[in-house]
Amino acid sequence: MARFDISAVGKAVLNAAANAAGKTWKKVQHDFTADLQQVLQNASNIALQLESGQLSEAEAQDLLKDQSAILFLLAEEVDVDSQIVVQNAVNAAVDALWSAVKAAAGLAA
Amino acid sequence: MRQNLAGVLHRVAPLGLVLLVVSACHIKLVSDYDDNFVQAAVSTEKEISTLLQNLRNPPIGTDITYKGNIANYNKVDVDMNHLAVLSSSHENNAASIAQVNKVIEIVHGLETLHRDNTTLSPAFVTQKQQDIDLAFAIVIRTENDKKAGM
């Protein structure tokens, strides 16, 4: 069986995620990176256990589908986090505008 | 006097309008945090964990076949459906809905294999448990992110 190169695959997936998240990546990468390493380690273990007969082919296939599903869950989390960052930025701008308008109207801040 | 008042009103009216508009302008891209959803997710994860622990380390007399666990799977299915309903009850919650549906797929994978193979290997049950734990952790964390505001 071909060797599963965790480092190379991990780097490729992290780059893809960072590109997708854009400027919000720095704020969302903390959990993503750790869980991604776990997924890659799982995939590697599944390959070894299939090879040694500890897992049947059907079991290994199901577990690999799980790893793909977990990546999907992570992608959705990054999406939510990115939206929260945008939401916070827009609402902060609205608050600043609100303060400026109130000041111009002579109202207390 | 009346002319002065008219002048002030003329100056302030547009500002008042802007005040009204701006004060109602906070945007909402993501639904609010739902504690009921988190509690339900924790409870469902525990239910599945108990099922898997009993399959991995069965107490004496425990039936570990699929038939012997149909009632447990039914309970898990009901719990997962409850989670799907909770997540669907909010606006702007597409990501959490998609996450719950994906976790349902993971759990159904377990049930399907158990039904087709009757028994499951210890290596499979151990890894499945880890996968389900991680999946629920991500779902709950995503919900908590909404509360924390990142």
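None of these values were measured; they are calculated from a predicted model.

Asker: So what exactly am I meant to see when it comes to the overall build of chain A here?
Answerer: Tallying secondary structure elements over chain A gives three helices and zero strands in all. Helices (α) and strands (β) of chain A occur, in sequence order from the N terminus, as α-α-α. A buried classification covers 24% of the 109 residues belonging to chain A. Looking at chain A alone, contacts between residues at least 24 apart form 65% of all its contacts between residues at least 6 apart.

Asker: I would appreciate a short explanation of the nonpolar core in the present structure.
Answerer: In a soluble, globular protein the nonpolar side chains are often hidden away together inside. Counting residues in each nonpolar core, the largest one holds 37 residues, and the members touching the most others are A:I70, A:L73, B:V103, B:V107, B:A135, B:I138 and B:V139. When contributions to this core are tallied by element, the ones reaching two or more residues are α2 (25–52) and α3 (57–104) of chain A together with α2 (35–56), α3 (70–88), α4 (94–117) and α5 (122–148) of chain B. When residues of this core are assigned to their parent elements, the largest contribution, nine residues, is made by α5(B). With residues up to four places along the chain from it excluded, the contact list for B:V107 reads B:I48, B:V76, B:M80 and B:I132. The next biggest cluster of nonpolar side chains, apart from the first, holds five residues, and it includes A:V80, A:I84, A:V85 and B:V30.

Asker: Explain the confidence of the model for chain B to me, please; I cannot follow it from the model alone.
Answerer: Parts of the prediction with low pLDDT should not have their coordinates interpreted in detail. Residue and element names in this part refer to chain B. Per-residue confidence for chain B averages 89 on the pLDDT scale, and 83% of its residues sit at or above 70. Looking across chain B, the model is least confident in helix α1 (residues 2–23), with a mean pLDDT of 61, and most confident in α3, with 97. Across the whole predicted complex the pTM is 0.83, and at the interface the ipTM reaches 0.83.

Asker: In this structure, what is going on with the environment of B:A137? I would like to understand it.
Answerer: Residues and elements named next belong to chain B. Of note, A137 is situated in helix α5. Classification of A137 by C-beta neighbours within 10 Å gives partly exposed; the count is 16. Remark: the alpha-carbon pair of A137 and H108, spanning 29 residues in sequence, is separated by 18 Å.

Asker: When you look at the packing of α3(B) against α4(B) in this model, what are you seeing that I'm missing?
Answerer: When two helices pack together, their arrangement is given by the angle between the helix axes and the distance between those axes. Residue and element names in this part refer to chain B. Contact pair α3 / α4: the axes reach a minimum separation of 9 Å and the direction vectors enclose 170 degrees. With respect to α4, the axis of α3 lies roughly antiparallel. On the side of α3, the interface is formed by Y73, V76, M80, L83, A84, S87 and S88, while α4 contributes S96, I97, V100, N101, I104, V107 and E111.

Asker: Would you take a moment to explain the packing of α4(B) against α5(B) for this structure?
Answerer: Residues and elements named next belong to chain B. Closest axis-to-axis distance for the α4/α5 pair is 10 Å, and the angle between their directions is 170 degrees. One element, α4, and the other, α5, form an angle in the roughly antiparallel class. For the pair formed by α4 and α5, the contact residues are A95, S96, Q99, V100, V103, I106, V107 and L110 on the first element and K128, D131, I132, A135, F136, V139, T142 and E143 on the second. Per-class residue counts for the contact of α4 with α5 are ten nonpolar, three polar and three charged.

Asker: Whenever I open this one, the environment of A:D35 confuses me. Can you help?
Answerer: Within the secondary structure layout, A:D35 lies in helix α2. C-alpha of A:D35 to C-alpha of A:I70: the two residues are 35 residues apart in sequence and 8.7 Å apart in space. In contact with A:D35, other than residues within four places in its own chain, are A:L74, B:L134 and B:I138.

Asker: What exactly am I supposed to notice about α2(B) here?
Answerer: Residues spaced three or four apart along an α-helix face the same direction, because each turn holds 3.6 residues. Residue and element names in this part refer to chain B. End to end, α2 covers 31 Å across 22 residues, agreeing with the expected 32 Å (1.5 Å per residue, within 8%). Taken residue by residue, α2 has F37, A41, T44, E45, I48, L51, L52 and L55 as its buried positions. An end-on view of α2 places all buried positions within 125 degrees of arc, on one side of the element. The exposed set on the far side of α2, more than 90 degrees from its buried face, consists of D35, N36, Q39, V42, S43, K46 and Q53. The secondary structure elements touched by the buried residues of α2 are α3, α4 and α5.

Asker: Would you mind showing me how to read the environment of B:D34 here?
Answerer: All names here are of chain B. Along the polypeptide, D34 turns up in the loop between α1 and α2. With 19 C-beta atoms packed within 10 Å, D34 lands in the partly exposed category. Separated by 82 residues in the primary sequence, D34 and D116 place their C-alpha atoms 37 Å from one another. Beyond its immediate chain neighbours, meaning those up to four positions away, D34 contacts L86, H90 and E143.

Scoring rules and cut-offs
- Residues numbered from 1 in each chain as written.
- Chains lettered and ligands numbered in written order.
- Predicted model: local features only at pLDDT ≥ 70, side-chain atom pairs only at ≥ 80, totals over all residues.
- Helix = DSSP H or I, 4+ residues; strand = E, 2+ residues; numbered from the N terminus.
- Buried ≥ 20, exposed ≤ 12 C-beta atoms within 10 Å, placed from the backbone.
- Contact = placed C-beta atoms within 7 Å.
- Core = buried A, V, L, I, M, F, W, Y, C linked by C-beta atoms within 7 Å.
- pLDDT = per-residue confidence, 0-100.
- Axes fitted to C-alpha atoms, helices over the stretch in contact; angles between N-to-C directions.
- Parallel < 35°, antiparallel > 145°, perpendicular 65-115°, else oblique.
- Nonpolar A, V, L, I, M, F, W, Y, C, P; charged D, E, K, R; others polar.
- Expected span 1.5 Å × (residues − 1).
- Arc of directions from axis to C-beta.

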